[in-house]
Structure formats: structure tokens, C-alpha cells
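Chain residues, written in single-letter form:
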Amino acid sequence: MILSVSSLRYRRSIAAGVLALAVTLSPGGAAAFDIVYDPSNYAQNVLTAARALQQINNQITSLANQAQMLINQAKQLTKLPTSVLSQIEGNFAEMKQLMGEAEKLAYNVSNIESQFSSSFQNFAVGKTDAQLIASARERWQQSLSAYEHSLKAGAVAVQNLDGTRTQTSTLVDSSQSAVGVLQATQAGNQLLGVQTRQLADLTAMLAAQGRADALEKSQKAAAQEQAREQFSRFLAGSSYSPTTVRMFHD
């Protein structure tokens with residue numbers, strides 16, 4: 001059977017198509033044209049991304065906590081903006097200056113010992129009556145000066161009460177609004193300073209009052225001793241000689 005040229009070409013086209021279809025349906029050829037999608041691999045990738053995101057979130061949280069910790073540490077080290085130390089020192093200096101103004105028998109042990117001995121104990125030795133009177137007047141002036149000094153000390157202590165109230169109120173408010181341990185501690189220390197200064201005022205006032213009372217009692221004791229000395233001198237003097245006194249003239 002003789003085929004025509006057109007029939008031969010047709011058959012060749014069919015054979016080529018069958019061959020191409022066979023190649024396409026073969027395992028090797030199918031792999032080249034499949035869509036790349038693996039559900040299990042996709043799920044694994046999503047899980048990996050979620051874990052990575054969680055790690056990033058954890059790192060962000062950790063950095064935030066560290067930043068907050070540094071902020072808290074900075075607050076703990078923040079100094080107290082309010083200070084009354086200069087006022088406390090000024091009150092101390094004022095009372096100290098006043099106590100240094102004590103005259104005669106001042107607050108000095110060695111001076112008190114020598115001056116007290118000459119003014120209140122051995123004051124009559126080798127002195128004339130006029131000198132005894134002068135010594136008595138000096139002791140009286142010392143007693144008055146001591147009482148005046150005691151009144152001044154009490155006045156200073158009372159005047160400082162308003163300052164104490166203001167300082168205490170300021171420090172209490174600062175302590176309540178403290179942002180850290182350091183501020184609270186500094187406020188507490190300054191409060192102790194205010195209390196210490198107030199106790200010092202009271203101590204000075206009591207010391208001045210005690211000094212005034214002691215000098216007053218010593219002055220009275222010395223006056224009694226001087227009276228006995230002068231009476232003894234009077235008795236040891238020349239005897240009394242009666243004389244005629246004429247009341248009226250002729």
C-alpha cells in the first residue's frame with residue numbers, strides 16, 4: 001500500500017504528539033510542571049516564624065524591664081530637693097552665740113572654780129568693809145545677769161519653735177512625696193537634725209536657768225556669810241562708851 005506524502009506527514013504529527021504526551025505523563029516530566037506547595041513545610045515555617053516573633057517580644061520585654069530597673073535605681077539615688085540644714089545650723093549658731101555671752105561665771109569649769117572661790121567662798125579674807133560691800137554688790141549683779149541670760153535663752157528657744165514647726169512640716173511633706181530610698185533617708189536625717197537642735201535649745205535653756213538659780217542661792221549664802229563676818233568685826237571692835245547727850249540747850 002502506497003501512502004501519499006500528506007498521509008505520511010499526518011501520521012508523523014500524531015506520533016510526535018503521542019510521544020510528547022508520554023513524556024509529559026512520565027514521573028520525571030511531571031515533576032517539572034507540578035505547583036510547589038507542601039502543607040507540612042508551610043506549617044513548619046509558620047511555627048518557626050511565630051517562635052522567632054515570640055523571642056523578639058521576650059527580648060523587647062526584657063529590655064523594657066531593664067530600662068525600668070535603671071529608672072528605679074536612678075530614683076533611689078535621687079537627692080532630696082528640700083534642705084533645711086542651713087536653717088538648723090543657723091539656729092545652733094544663734095543659741096551658741098547667746099550662751100557665749102554669759103558674763104562673769106561663764107560655762108567654763110576652770111573659770112567657774114577660780115571665780116566662785118574668790119567671789120562666794122573666800123571673799124572676806126583680807127578685805128575691808130568697803131571691799132566687802134563692793135563684793136556683795138558684784139555678786140548681786142552677777143545674779144541679775146544670770147537671770148537675764150536665762151530669760152534670753154528661754155526666749156531664743158521659744159522663737160525657734162516656729163522655725164521647728166515649719167521645718168518639720170516641710171520635711172514630712174518631702175518624705176511622703178519621696179521618689180526613692182535616698183530622698184526618704186535624707187528627709188528622715190534632717191528631721192533628726194531638727195529634733196536634735198530643739199533638744200539642744202532645751203538643754204541650753206535648762207543650763208541657763210540652773211546657772212541663774214545656782215548663782216542666786218550662792219549669792220544668798222554669801223550674803224549670810226558676809227553678814228556674820230561683818231557682825232563679828234563689829235563685836236571685835238572698840239567697846240561702847242556711854243556719853244552724855246544734851247537734848248535741849250539752855
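Starting afresh in each chain, residues are numbered from 1 along the sequence in its written order. With the structure being a predicted model, the display of local features is reserved for residues of pLDDT at least 70 and the display and counting of side-chain atom pairs for 80 or more, all residues being used for whole-chain, interface and lining totals. Here the side-chain values reflect all heavy atoms present in the structure, with hydrogen atoms and water set aside.

## Here we look at helix α4 (residues 85-99)
Taking 1.5 Å as the rise per residue, α4 with 15 residues should run 21 Å; its terminal C-alpha atoms sit 21 Å apart, in good agreement. Every buried residue of α4 is accounted for by Ile88, Asn91, Met95, Leu98 and Met99. One side of α4 holds all its buried residues, which, seen down the axis, span an arc of 105°. Along α4, exposed side chains directed more than 90 degrees from the buried face belong to Ser86, Glu89, Lys96 and Gln97. The inward-facing, buried residues of α4 abut α6 (129-176) and α7 (181-235). Here a strand is any run of E in DSSP of at least two residues, a helix any run of H or I of at least four, and the numbering for each starts at the N terminus. Under the convention used throughout, the expected extent of a helix is 1.5 Å for every residue step, that is, one less than its residue count. Each residue is assigned to one of three classes by its accessible area relative to the maximum for its type, calculated with a 1.4 Å probe on protein chains only: buried under 20%, partly exposed between the two thresholds, exposed over 50%. Picture the helix axis, draw a direction to every C-beta atom, and the arc is the one those directions span. Contacts are assigned to residue pairs with any non-hydrogen atoms lying within 4.5 Å of each other.

## Regarding the pattern of salt bridges
In what follows, salt bridge is the name for a side-chain nitrogen of Lys or Arg lying within 4 Å of a carboxyl oxygen of Asp or Glu. A full pass over the atoms with the stated rule returns four salt bridges. Note that aspartate 201 is salt-bridged to arginine 197, the shortest N-O span being 2.9 Å. Residue aspartate 201 and its partner arginine 197 are located together in helix α7, separated by four residues, close to a single helical turn. Looking at arginine 197, the relative accessible area reads 0%, which means it is buried.

## So, a nonpolar patch on the surface
Patch membership is restricted to residues that have no salt bridge and whose relative accessible area is over 30%. Joining uses 9 Å for like charges and 5 Å for the nonpolar side chains Val, Leu, Ile, Met, Phe, Trp and Tyr. Residue burial considers only the protein chains on display, and all accessible areas are found by Shrake-Rupley using a 1.4 Å probe. Residues Leu53, Ile56 and Ile60 make up a contiguous nonpolar surface patch of roughly 280 Å² in combined accessible area. You can see isoleucine 56 is positioned in helix α3 (residues 39-76).

## Describing the confidence of the model for the protein
Confidence scores here are pLDDT values: one per residue, from the predictor, ranging 0 to 100. Overall, the prediction assigns the protein a mean pLDDT of 76, with 77% of residues at 70 or greater. Low pLDDT, under 50, characterises residues 28-33; the stretch is placed with three contacts to residues that sit more than four places away or in other chains.

## Digging into the environment of glutamine 87
You can see glutamine 87 is positioned in helix α4. On the basis of relative accessibility, which here comes to 41%, the residue glutamine 87 falls in the partly exposed class. Sequence-wise, glutamine 87 and valine 194 are 107 residues apart; in three dimensions their C-alpha atoms are separated by 9.2 Å. In protein, a polar contact requires one atom able to donate a hydrogen and another able to accept it; more generally it is a pair of N or O atoms within 3.5 Å, and residues adjacent in sequence count only if both atoms are side-chain atoms. A polar atom in the side chain of glutamine 87 sits 3.2 Å from the side chain of glutamine 167.

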